Protein chains: 4
Amino acid sequence: MNYILTTQCADDTGLIAKITGLCHQNNLNITRNNEFVDKDAQRFFMRTELEGKPHSEFLSQLRAVLPKGAKVALHDGAKTKVVLLATKEAHCLGGVLLKQFEQALNIEILAVIANYPDLEPLVKGFNVPFHVISHEGLTRSEHDKKVGDLIASYTPDIIGLAKYMRILSPEFVGRFDGQIINIHHSFLPAFIGAKPYHQAFERGVKIIGATAHFVNNELDEGPIILQDVTGVTHANTAQMMAKMGKDVEKTVFCKALQLASEQKLFINGNKTVVFS
Amino acid sequence: MNYILTTQCADDTGLIAKITGLCHQNNLNITRNNEFVDKDAQRFFMRTELEGKPHSEFLSQLRAVLPKGAKVALHDGAKTKVVLLATKEAHCLGGVLLKQFEQALNIEILAVIANYPDLEPLVKGFNVPFHVISHEGLTRSEHDKKVGDLIASYTPDIIGLAKYMRILSPEFVGRFDGQIINIHHSFLPAFIGAKPYHQAFERGVKIIGATAHFVNNELDEGPIILQDVTGVTHANTAQMMAKMGKDVEKTVFCKALQLASEQKLFINGNKTVVFS
Amino acid sequence: MNYILTTQCADDTGLIAKITGLCHQNNLNITRNNEFVDKDAQRFFMRTELEGKPHSEFLSQLRAVLPKGAKVALHDGAKTKVVLLATKEAHCLGGVLLKQFEQALNIEILAVIANYPDLEPLVKGFNVPFHVISHEGLTRSEHDKKVGDLIASYTPDIIGLAKYMRILSPEFVGRFDGQIINIHHSFLPAFIGAKPYHQAFERGVKIIGATAHFVNNELDEGPIILQDVTGVTHANTAQMMAKMGKDVEKTVFCKALQLASEQKLFINGNKTVVFS
Amino acid sequence: MNYILTTQCADDTGLIAKITGLCHQNNLNITRNNEFVDKDAQRFFMRTELEGKPHSEFLSQLRAVLPKGAKVALHDGAKTKVVLLATKEAHCLGGVLLKQFEQALNIEILAVIANYPDLEPLVKGFNVPFHVISHEGLTRSEHDKKVGDLIASYTPDIIGLAKYMRILSPEFVGRFDGQIINIHHSFLPAFIGAKPYHQAFERGVKIIGATAHFVNNELDEGPIILQDVTGVTHANTAQMMAKMGKDVEKTVFCKALQLASEQKLFINGNKTVVFS
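The structure presented is a predicted model; accordingly, all values stated were derived computationally and were not measured.

S.K.: Is there a simple way to think about the confidence of the model for chain A in this case?
M.R.: Regions with low pLDDT should not have their predicted coordinates read in detail. Predicted confidence across chain A gives a mean pLDDT of 95, with 99% of residues reaching 70 or more. For this predicted complex, the interface confidence score (ipTM) comes to 0.94, while the overall pTM stands at 0.96.

Shown next, in the form of C-alpha cells:
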C-alpha cells in the first residue's frame, strides 16, 4: 500500500529527522521525499511517498513531535474530487475531460457547472453531470450563492475554473478558500485584466503565455501555480494569438489539476510551493 | 474571398516573379507568401495566400509559365477531410476530436476506424462515425484491404494514424501515397521500433519526444513533419515517460494535421517542407 | 555574389510582383524571400536574398516602381559595425565578444565603452578597443554627449547596450534613432523598472525572462525584438533567479545582434518585424 | 558554514532517517535535501545541504550506520578543479572560460590542453595556462599518455572535453574513471558517430540537440548527464544546423560542469542521477 504524507509547519531544527525517524519506527519505507524551507517566512513544507500501512495513531504521533499548528495529512491515493466551472469555451474543460477519459489524471470530475448551456454536448459525451445556472436576472451575490450551494453539495477537493468568465464575489472565494484553481490567459503579471491577447498584440511581445493560480480576493493576483509560454511573431494577429494561447491554457490548466491530485501543491502566503 | 495557391516544380530563374506577376495581372492580392528552393534537389516550393477571385483559366495560365510537371493547386479554405485510424489509446484521437469540437482546426473528421471497439464511447460522444474492423482471423493484406476500402468510401484528403498500432502493408501505403500521417512515440531517428519509452529509460536519456511523419514503406522512416520533446529525469520510470510522452504525442499529432489543413506541408523526397 | 535587398513602404497591390519582376529582369536570382504586410498600419516589409550582381541603377529603378517614400537598401554581406556600451556586468558583453571570436556573428565590434573600468581585462583579451567614460562629476547630458561623440567617431550601424545601467537622455536616443538595441532583464511588459528579479521573486512567478528591444524615449517601452524565458521554482531566491536570468539575457542579446546583422529586423511603429 | 553531504549506497530501510537523525544529533541543520532510490539497481542516492560545522568523526559515524560500501563525502564549497581539453573550436571552451570570468560557476579552470595551438589567444585572454600537445608523430597511446600525465600533474576533479576531437584510449579513460565529461553534438542516441549535423540534415529532422555525458569505453555511449535541443527547418543546411547547434552545445556543456561543481551529479551504472 502506498501513501503520501504532506506536512507544513513553522520551521525548526531536526524536522526531517523527526518525521523520517517516525516513519522508520512505524515501518513506513520512504520511496520519495521533497522538502522546502521558506527562510523568509520561516515555514517548512514536506511531501513524502511511503510504502507500508500507517497505524491509526501515526498522524497524532507526528503532530506531537512537530511545532504547534502543524498541518499533516495522509493521502491514500484516492482520486481528487473536482467540480469544474465553465462558460462557453471548450478547450480547458474538454482538455480535462479527455485526460480523465484517458485515465491520465488521478481525478474524478464530479460535475460541470456553467452559466451558459453551450458546453452540454461536450460534457454529456463524457458522461459527466452538467448543470446550467444562468447569471441572468441574478445579482453576482445571488448567482455565486446558487453556484456555491451546488458545488458544496458535491463536496469536491478542488474547484477548477475552466475559463469561467465571471468575477467571483469575496463570499464565494472565502467559502472555498484555497480550493479554487483558475487559468488566466496571460503570462502574469503581464496583461492583467481583460483581453490579454489584444494587449499582447498591441504591445508587440514575442512570447505569450498562460498562468494557473489559486484564486483569492485580488483579481488575477492569487498564488501562481504554473506558467507556460509559446512564441509569437509580427505575423500573428490578436485572434491568432488567442487561438495559439488556447493550447497553452489547456496544458497549464491540466497540469495544475494534476499537481493538485498528486498532493504536490502547497499555498505559501501569496506564493506556492510546487514539488516536482 | 481568400485562396491559398500551392506550387511545386523544378527550380528555375524568375519563378517568383512569374507567379506573383500573374497574380497581379489577375487582380489577386498576395497577403502572405512563403517560398523555398531545395538547391540539392533543384526543387521549388511556394505557398501564397491570395485575396480576390481567380478566374477559371488562372491555373492553366500558371502551368503555362512554369516548368513542365509543375504541381499547382488552389484551395478555397474548405475543411480538410480526415479519416482517423486508431487502436485502443485515446489521447491522440481524443486530442483531434476535441480540437474539431473547439473549431480550432480547419478539418472535418469523416470517420474513425479502429481494430478494437474500446474507443467507441469517446468517438460517439463527439458525434463522429466509428467503425470497428477487427484484424482477428484476417491476414494483414485482407485487413488492410477492408480498412482501405472503407477509407476510400469517404474520399478523405488525409488519413491520420492516431496511435494505430498496426504495421501497414505496402499495398495500403501505396494506395494512399502521400496522404498518411503517423505519430511515432519517439524522437526519431532515436528509438526506432517497439517500446521506445522503454528504450529511452534503459539508455538514460534526459529528453523524450514524439515525431509526426508521412508514412512510406520504410518503417518509422517516412518524411518527418514535426517533432517535439519534453524533459525527463532519473526519477521517471518507463511508465512515467510513456505517460509524459502522451502529451507530446497529442500536441505533435494535432499540429501536423493543422499544418496539413493549412496547406503548409509539402513532401520533398524523404523530407518535408513545412511553411510557418 | 550574394546580396540582401530590404524594402519597406506603404502597402499597395502588386508590390511583390514589381520587386521580384525587376529582380528577374536584372538577372538577380531570388534564393530566399520574406514579406509581411501590416494591415492596420498599411505598411509593407520585404527581405530578399539575391544571387547575381545588381547594376548601379537597380535601386533607383526599384524606387521608381514603389510607393513614394519607400526605403530600399542593398546589403553586400559586409559585417555589421557595432559599438557596445557596458557597465560592470560581463555576461552580455562577453557573450558577444566570444561570438565574434567564434566567427558566429557577422558583426565587427569596433569598440566597447563603459562607465566603469572593471571590464577592461575581458575586452582587452579579445583585442577590442576599450574606453572608460566615467559619469562621475558629469550631468547626464554631459556624459551622454561625451559617450555619443565617441560612438559617432566610430560610425557604427548598431549600438548594443550590454547591460549598460544608465538611463539615456532623449538627446542621446534621438541622436542614434533606431540604432540602439537594449537587453532588459525581464519578460516585458512584466516587471518594468528596477530590480525585476526581485519583483519576480516577490510575485512568485514560475517563469522569468529577458527582452531585447530598440530604445526609444519611453523607458523599457521600445519596440520588442526578441524574448526568451526559463523556468524557476519556489526554491529559487531572487539572487538565483538573477544568475539563471543572465544566461537568458546573454542568449537573447546575442540573437538580437545576429538578427540585425542579417538584415532581418525592421522597426514598425512601436513594434518590430523580425523575419526568420 | 555550509556543507554538502553526498551519499550513495545499497538501498535499505530507514536510510533517510539514519542520515538526517545523525545530522540533527550533530547540530547540522538541513536546508535542502534530495534523495533517489533506483529500485531496479537497489541503489540509494542522497545530496544534503547543511548549515553548521561537522566534527571530525561525522563521516565515520555516518559510515557506521550505512550499508557496507557506502560512499559518503562532505564538500565545503571549495571550487571544483577542472582541466579542459580542446582542439580548434572555440565555443564550448570559450563558454566555460567566460562563465568563470563572470563568476557564474563554482569552478577553477586549472589549465587548457589542446592538440592544436589555435585557441591559445582565447585562453590567454582569460589568464588561464594553455598547453599544446600535438598528436602528430605520436601513437594514440603515446599522445594520451603525455596528455594524461600533464592532466594528472594538475590533480583536477573533472576533465572537461570542450569539443576535443580525439578518440580516447581505454587506458586514458580508465585512468580518469568517472571524471571525464564530454559534449557530443547530437541528441544521443540519435546520430552517433561522425558528422551528426550532416546526418540530421540528411534525415530531415525538425529538432537537433546536444548531449553532455560521462565518458566510458563505449564511444558516445557513456552515462548521459544533460541534453538540450533547438528547432530547425527545411531551410536550414547542415552548415546552418552546425552553427545553431553550437549554442546548444555551449549551454549544455556549461550546465554539466555546473552540476558537477554543485555535487548534483552521480553515476549510476550506465545512467546518471542528476539532482535539481
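Still to come is the rest of the account.
S.K.: Just to check I follow, could you spell out the relation of the copies chain C and chain A for this structure?
M.R.: One copy of the chain maps onto the other through a rotation about an axis followed by a shift along the same axis. Rotating chain C by 180 degrees and translating it 0.0 Å along the rotation axis places it on chain A, where the RMSD comes to 0.0 Å. In short, the pair behaves as if placed about a two-fold rotation axis. It is Ala190(C) whose C-alpha, among those of chain C, lies nearest the rotation axis, at 2.3 Å. Take the interface residues of chain C: 100% of them recur as interface residues in chain A, which is what a same-surface contact looks like.

S.K.: Hey, could you run me through the interface of chain C and chain A in this one?
M.R.: Accessible area lost upon the coming together of the parts is a frequently used measure of interface size. Between chain C and chain A, the residue contacts involve 31 residues of the former and 31 residues of the latter. Where chain C abuts chain A, roughly 2,600 Å² becomes buried across the two surfaces, and 59% of that area is made up of carbon and sulfur atoms. Counting the surface chain C buries against chain A, the share from its top three residues, Arg203(C), Lys206(C) and His234(C), is 28%. Between the two partners, chain C and chain A, sit two salt bridges. Of the charged contacts, one joins Arg203(C) and Glu221(A) as a salt bridge, the two residues approaching to 3.4 Å between their closest N and O atoms. Across the contact surface, chain C and chain A share 16 residue pairs in polar contact (both at pLDDT 80 or more). Where the side of chain C that touches chain A is concerned, the elements lending two or more residues are α7 (196-203), β11 (224-231) and β13 (271-274) of chain C. Across the side of chain C that touches chain A, the residue classes break down as 17 nonpolar, six polar and eight charged.

S.K.: Whenever I open this one, the interface of chain D and chain C confuses me. Can you help?
M.R.: In this complex, chain D contributes 21 residues to the contact, which on the side of chain C involves 21 residues. If you sort the residues of chain D by the area they bury against chain C, Leu98(D), Phe101(D) and Glu102(D) come out on top, with a joint share of 27%. There are four salt bridges connecting chain D and chain C. For Asp247(D), the salt bridge goes to Lys99(C), with nearest N and O atoms at 2.5 Å. Linking chain D with chain C are six residue pairs in polar contact (both at pLDDT 80 or more), by the criterion used here. Residue assignment for the side of chain D that touches chain C shows that the elements contributing at least two residues are α3 (91-101), α4 (120-125) and α8 (238-261) of chain D. At six residues, α3(D) tops the list of elements feeding residues into the side of chain D that touches chain C. In the side of chain D that touches chain C, the residues fall into nine nonpolar, five polar and seven charged.

S.K.: When you look at the packing of helix α1 (residues 15-25) of chain B against helix α1 (residues 15-25) of chain C in this model, what are you seeing that I'm missing?
M.R.: For any two helices packed against each other, the geometry comes down to the angle between their axes and how far apart the axes lie. In the contact formed by α1(B) and α1(C), the axes pass within 8 Å of each other and the chain directions differ by 145 degrees. α1(C) is crossed by α1(B), and the crossing has left-handed handedness. Note on element contacts: α1(C) touches α1(B) through Ile16(C), Ala17(C), Lys18(C), Thr20(C), Gly21(C) and His24(C), opposite Ile16(B), Ala17(B), Lys18(B), Thr20(B), Gly21(B) and His24(B). Looking at the contact of α1(B) with α1(C), its residues break down into four nonpolar, six polar and two charged.

S.K.: Help me out: how do you make sense of the sheet that holds strand β3 (residues 43-51) of chain C in this one?
M.R.: By definition, the strands of a sheet pair up through backbone hydrogen bonds, in either a parallel or an antiparallel sense. Residues and elements named next belong to chain C. A sheet is described by the order of its strands in space; here four strands give the open sequence β2-β3-β1-β4, paired in antiparallel fashion. The open sheet has two edge strands, β2 (29-38) and β4 (71-75), and neither has a second partner. Each neighbouring strand pair of the sheet contributes to a mean axis angle of 10 degrees, computed without reference to strand direction. Against the sheet, helix α2 (residues 58-65) contacts β1 (2-10) and β4, and its axis sits at roughly 155 degrees relative to β4.

S.K.: Please clarify how the environment of Gly137(B) should be interpreted in this entry.
M.R.: Inspection of the secondary structure puts Gly137(B) in the loop between β7 (130-132) and α5 (140-154). Owing to a relative accessible area of 80%, Gly137(B) belongs among the exposed residues under this scheme.

S.K.: Would you mind going over the packing of aromatic side chains with me for this structure?
M.R.: The description of an aromatic ring pair uses the distance of the two centres, along with the angle that the planes make with each other. This model, assessed by the stated rule, comprises 24 aromatic pairs over all chains. Seen from their ring centres, Phe45(C) and Phe266(C) are 5.8 Å apart, and the 75 degrees between their planes marks the pair as edge-to-face. Of the two residues, Phe45(C) sits in strand β3 while Phe266(C) sits in strand β12 (residues 265-268), which places them 221 residues apart along the sequence. Between the aromatic rings of Phe101(D) and Phe126(D), the centroid separation amounts to 6.1 Å while the plane-to-plane angle is 70 degrees, which identifies the pairing as edge-to-face. In this pair, Phe101(D) is assigned in helix α3 and Phe126(D) in the loop between α4 and β7 (130-132), connecting sequence segments 25 residues apart.

S.K.: How do you make sense of the relation of the copies chain D and chain C when you look at a structure like this?
M.R.: Superposing chain D onto chain C takes a rotation of 180 degrees plus a shift of 0.0 Å along the axis, which leaves an RMSD of 0.0 Å. Both copies share a contact surface, since 100% of the interface residues of chain D are interface residues in chain C too.

S.K.: Looking at this structure, how should I read the sheet that holds strand β1 (residues 2-10) of chain A?
M.R.: Residue and element names in this part refer to chain A. The strand order across the open sheet formed by four strands is β2-β3-β1-β4, and the pairing between neighbours is antiparallel. The two strands at the open ends of the sheet, each matched to only one other strand, are β2 (29-38) and β4 (71-75). When the angles between neighbouring strand axes are averaged without regard to direction, this sheet yields 10 degrees. Both β2 and strand β3 (residues 43-51) contribute to a ladder of nine bridges, which runs antiparallel. When the bridges of β3 are listed, Phe36 appears paired with Phe45. Contacts between helix α1 (residues 15-25) and the sheet are confined to β1, β2 and β3, with β3 contributing the most and set at about 20 degrees to the helix. Sitting on the sheet, helix α2 (residues 58-65) is in contact with β1 and β4, with an inclination near 155 degrees to β4.

S.K.: Whenever I open this one, the pattern of salt bridges confuses me. Can you help?
M.R.: It is possible for side chains bearing opposite charge to pair when their charged atoms get close. Residue and element names in this part refer to chain A. A full pass over the atoms with the stated rule returns 44 salt bridges over all chains. For Lys163, the salt bridge is made with Glu249, and the minimal N-O distance between the two is 3.2 Å. Here Lys163, found in the loop between β8 (158-161) and α6 (170-175), pairs with Glu249, found in helix α8 (residues 238-261); they are 86 residues apart in sequence, far enough to count as distant. Residue classification places Glu249 among the buried residues on the basis of a relative accessible area of 1%. Overlapping salt bridges, with partners in common, bring together Lys145, Asp149 and Arg175 in one network.

About the thresholds
- Throughout, a residue's number is its position along its own chain's written sequence, starting from 1.
- Ligands are numbered from 1 and chains lettered from A, in the order in which they are written.
- With pLDDT at 70 or above as the cut-off, local features in this predicted model cover only qualifying residues; side-chain atom pairs require 80 or more to be listed or tallied, and sums for whole chains, interfaces and linings still use all residues.
- To obtain the side-chain values, all non-hydrogen atoms of the structure were included, while hydrogens and water were left out.
- Confidence scores labelled pLDDT are given residue by residue by the predictor and lie between 0 and 100.
- Here the copies are superposed with least squares, the fitted atoms being C-alpha atoms of residues at a pLDDT of at least 70 in both.
- In this description, contact between two residues means that some pair of their heavy atoms is separated by no more than 4.5 Å.
- Buried surface area refers to the total accessible area, computed with a probe of radius 1.4 Å, that the two partners give up upon joining, counted for both partners together.
- When a carboxyl oxygen of Asp or Glu lies within 4 Å of a side-chain nitrogen of Lys or Arg, that pair is called a salt bridge.
- For the purposes of these results, a polar contact is taken to be a pair of N or O atoms within 3.5 Å, where, inside protein, one atom must be able to donate a hydrogen and its partner to accept one; residues adjacent in sequence count only when each atom of the pair is a side-chain atom.
- Runs of H or I in DSSP of at least four residues are treated as helices and runs of E of at least two as strands, each being numbered from the N terminus.
- Side-chain classes follow a simple rule in which Ala, Val, Leu, Ile, Met, Phe, Trp, Tyr, Cys and Pro form the nonpolar group, Asp, Glu, Lys and Arg form the charged group, and the remainder, Gly included, forms the polar group.
- Fitted lines through C-alpha atoms give the axes, limited to the stretch in contact for helices. The angle between two N-to-C directions lies from 0 to 180 degrees.
- Crossing chirality is assigned from the near helix's rotation relative to the far helix, an anticlockwise turn below a right angle marking it left-handed and a clockwise turn marking it right-handed.
- At least two DSSP bridges between two strands are required for those strands to pair.
- We call a residue buried when its accessible area falls under 20% of the maximum for its residue type, exposed when it is over 50%, and partly exposed in between, using a 1.4 Å probe and counting protein chains only.
- Stacked, tilted and edge-to-face are the three classes applied to pairs of Phe, Tyr and Trp rings, where Trp contributes its six-membered ring and a pair requires centres within 6.5 Å; stacked means planes under 30 degrees apart, edge-to-face means over 60, and tilted covers the rest.

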